[in-house]
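# A closer look at the structure
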Amino acid sequence: MGGVLAMFGAVSGSVPGYALLTVAAAVVILRSLARRDRRRRAAERVERAFEAAMGPHIPEVRTAVPRRETVLFNAAEAVEEPAAPTPLTAEELRAAALKVAAEAEAARPAEPQTGAPWQPVEVPKPTYTQSAKVERPAPQPLPAPEEKKPTVKTPIKQAAAAPKVELPASSREDRAGRINLDDVLQRRRA
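Only a predicted model underlies this, so the values are computations on that prediction, with no experimental measurement involved.

## Concerning the overall build of the protein
- Regarding its fold elements, the protein presents 6 helices and 0 strands.
- Mapped in sequence order, the helices and strands of the protein form the string α-α-α-α-α-α.
- Looking at the protein residue by residue over its 190 residues, the buried ones come to 1%.
- Within the structure as shown, the protein displays about 20,100 Å² of accessible surface, and the carbon and sulfur contribution to it stands at 61%.

Structure (structure tokens):
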């Protein structure tokens, strides 16, 4: 509002500036007070949680846990492990796979038969296969285009030397109201 009044000369130009500085200062002060209150409340919550955790000390009751004997590793007493098995050949691997598949098939529970086994059902043929074939005439070849022979070009200088003949408006346009391009091109050549 002060800016509008300053534009019309009702108040000094510094009044809007001072008002803006006052608003900015108020925002900064309120923001700092809000931060201070938030930090104080957070510190109080931490203090209450610490006091609740450190409240009355209850002595721990320990039950007697039997101690296990510690066994140390001795490399001299270590038992040698058997060597890694040799890799299987393709035939041995196939035989092992077939054996596992047969065991899995034998272990699978039998499915109870609830009715007749599934049988395929005949599907009706579409009707377009039963309709008669429509005969149509064989396509005729397209007519060969006429061979165009080059025409003698009229030199521009000769056309310019020829007297200009102004055509009436009715001859420039044909009966349908279209422009006759031949006339237009003749005029452009002239």
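Structure's up, so let's keep going.
## A few points about the pattern of salt bridges
- Taken as a whole and judged by the stated rule, the model has 4 salt bridges.
- Close ionic contact of Arg-40 with Asp-37 constitutes a salt bridge, the shortest N to O distance being 3.9 Å. One end of the pair, Arg-40, and the other, Asp-37, are both in helix 2 (residues 14–53), 3 residues apart, so they sit about a helical turn from each other.
- With relative accessibility at 44%, the residue Arg-40 sits in the partly exposed group.
- Between Arg-40 and Glu-44 there is a salt bridge whose closest N-O contact spans 3.2 Å. Of this pair, Arg-40 and Glu-44 both sit in helix 2, separated by 4 residues, roughly a single helical turn.

## So, a nonpolar patch on the surface
- Together, Val-4, Met-7 and Phe-8 give the surface a local cluster of nonpolar side chains, amounting to about 400 Å² of exposed area.
- Within the secondary structure, Phe-8 is located in the loop between helix 1 (2–7) and helix 2.
- The class for Phe-8 is exposed, based on a relative accessible area of 70%.

## Observations concerning the confidence of the model for the protein
- For the protein, per-residue confidence averages 79 on the pLDDT scale, and 77% of positions sit at 70 or higher.
- Looking over the protein, one finds the lowest element-wise mean pLDDT in helix 5 (residues 169–172), namely 50, and the highest in helix 2, namely 92.

Calculation notes
Residues numbered from 1 in each chain as written. Predicted model: local features only at pLDDT ≥ 70, side-chain atom pairs only at ≥ 80, totals over all residues. Heavy atoms only, no water. Helix = DSSP H or I, 4+ residues; strand = E, 2+ residues; numbered from the N terminus. Buried < 20%, exposed > 50% of the residue type's maximum accessible area, 1.4 Å probe, protein only. Areas by Shrake-Rupley, 256 points an atom, 1.4 Å probe, with all protein chains shown as cover. Salt bridge = Lys/Arg side-chain N within 4 Å of Asp/Glu carboxyl O. Patch = residues over 30% accessible without salt bridge, like charges linked within 9 Å, V, L, I, M, F, W, Y side chains within 5 Å. pLDDT = per-residue confidence, 0-100.

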